[in-house]
Amino acid sequence: MLRVMFISGQFDKPHPPTGEIDTPAQRTVARKAATESIVLLKNAGDLLPLNASKIHSLVVIGPNAAVARTGGGGSSLVKPKYSITPLKGIQDRAGERCR
């Protein structure tokens, strides 16, 4: 593949980026894709979704709770303009009503 790119001159005439980046419409599409790609492996006893009116405290544990993991390394590396950790997202959603 790389050879084809060299032969076709792809590296001789770089294409400058065009268009807007991180628009509200792009964020909407990204959020929808993320929401629809969530996989629930097991929902024993129909625990989820949680009933916010019955929750008084939550615990979020693990080494990735307070770290925004946006991708791996190499070609899967993603550097977003901003990110939210799982812990922060849960805190924002739960608000002051939940400890």
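Everything below is about the structure printed above this text.
S.K.: Can you walk me through the pattern of salt bridges in this structure?
M.R.: Side chains that differ in sign of charge can pair as their charged atoms come close. The tally for this structure, following the rule as stated, stands at three salt bridges. With a closest N to O distance of 2.9 Å, Arg27 and Asp22 form a salt bridge. Here Arg27 falls in the partly exposed class, since its relative accessible area comes to 40%. For Lys32, the salt bridge is made with Glu36, and the minimal N-O distance between the two is 3.6 Å. Placement of both Lys32 and Glu36 in helix H2 (residues 24-36) is noted, with a separation of four residues, approximately one turn of the helix. On the accessibility criterion, Glu36 (57% relative accessible area) is exposed.

S.K.: Explanation requested: the layout of surface pockets in the structure shown.
M.R.: Any empty space left between the atoms is revealed when a probe the size of a water molecule rolls over them. Of the voids in this model, the largest pocket is the one considered here, and its volume is about 1,200 Å³. Taken together, 30 residues line the largest pocket, and the ones lying closest to its centre are Arg31, Ile38, Gly89, Ile90 and Arg93. Considering every element that reaches the lining of the largest pocket, the biggest residue donor is H2, with six residues. Of the residues contributing to the lining of the largest pocket, the split by class is 17 nonpolar, seven polar and six charged.

Calculation notes
Residues numbered from 1 in each chain as written. Predicted model: local features only at pLDDT ≥ 70, side-chain atom pairs only at ≥ 80, totals over all residues. Heavy atoms only, no water. Salt bridge = Lys/Arg side-chain N within 4 Å of Asp/Glu carboxyl O. Buried < 20%, exposed > 50% of the residue type's maximum accessible area, 1.4 Å probe, protein only. Helix = DSSP H or I, 4+ residues; strand = E, 2+ residues; numbered from the N terminus. 1 Å grid on protein atoms, 1.4 Å probe; cavity = no way out; pocket = protein on both sides within 12 Å on 5 of 7 lines; lining within 4 Å. Points joined across faces, edges and corners; volume = space filled by probe spheres on them. Nonpolar A, V, L, I, M, F, W, Y, C, P; charged D, E, K, R; others polar.

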